[in-house]
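Here is what each chain is made of, one letter per residue.
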Amino acid sequence: ARRQAAVSWGILDWLLLAYGVLWTFDGVLGAMSAHQHLSISEWGTAAGQLQFFLLYRSLKVTLRTSNERHIALKVLFVASGAVALLAVLEELKVPGVINLIVSLTRSPAAGGTGGVIRATGPFANWAALAGYMLPLIFVAVCLGLGDALPRHKKTQVGLGLLLVLGLFVTA
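**Some remarks on the packing of aromatic side chains**
And step 1. By the definition in use, this model includes four aromatic pairs.
And step 2. The interplanar angle of 40° and the centroid separation of 4.6 Å between the aromatic rings of W9 and W14 together place this pair among those described as tilted.
And step 3. Take W14: its relative accessible area is 49%, and that puts it in the partly exposed class.
And step 4. Seen from their ring centres, F53 and Y56 are 6.3 Å apart, and the 45° between their planes marks the pair as tilted. Taken as a pair, F53 and Y56 lie in helix 3 (residues 48-62) at a separation of three residues, close to a single helical turn.
And step 5. An aromatic cluster of at least three residues, connected via ring pairs, comprises W9, W14, F53 and Y56.

**Points about helix 6 (residues 126-146)**
And step 1. With 21 residues, helix 6 should cover 30 Å at 1.5 Å per step; its first-to-last C-alpha distance of 30 Å lies within 8% of that length.
And step 2. The complete set of buried residues in helix 6 reads L129, A130, M133, L136, I137 and L143. On an axial view of helix 6, the arc spanned by its buried residues comes to 155°, and they lie on one face. Across from the buried face of helix 6, at angles greater than 90 degrees, the exposed residues are F138, C142, L145 and G146.
And step 3. Each element contacted by the buried residues of helix 6 is listed here: helix 4 (66-91) and helix 7 (153-168).

Thresholds applied
Residues numbered from 1 in each chain as written. Predicted model: local features only at pLDDT ≥ 70, side-chain atom pairs only at ≥ 80, totals over all residues. Heavy atoms only, no water. Phe/Tyr/Trp six-rings, centres within 6.5 Å; stacked < 30°, edge-to-face > 60°. Buried < 20%, exposed > 50% of the residue type's maximum accessible area, 1.4 Å probe, protein only. Helix = DSSP H or I, 4+ residues; strand = E, 2+ residues; numbered from the N terminus. Expected span 1.5 Å × (residues − 1). Arc of directions from axis to C-beta. Contact = heavy atoms within 4.5 Å.

Purely spatial values, then, with no claim about function.
In structure tokens, the structure reads:
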């Protein structure tokens, strides 16, 4: 984008960037203080919050109109509804769901370890699913309270309840 069309940085942008950098710094400092070397996977964890910041910032820069943001929200909530539904079906031990999740993600974690099977949907563990669901629930509540999406209230409430159920089955 040309400089005059650029999306300026606000206080939230700077705070989120600082959070991501501090998260990364804390992970690297923790590894150094324990005299450990970070593997590629551990670097991904250490810098993980920065990837979410980059995703947020790229969406802020590219989704300029209200219509574009509404479409993006619909896609986000349809995808999160599918994730929550998989987690609920996994918790209910619906036949074939765990095999479906394992085949989709190529992760054996859905099968459980040590005889414990947790509802995770496509995530590798319950904590990651909870970390995904909670912010989405907050966004859904804010949108509902702000009346940003006035049509399809029943669909919004149903999806919100599915997200909350997806969060609860991680317990």
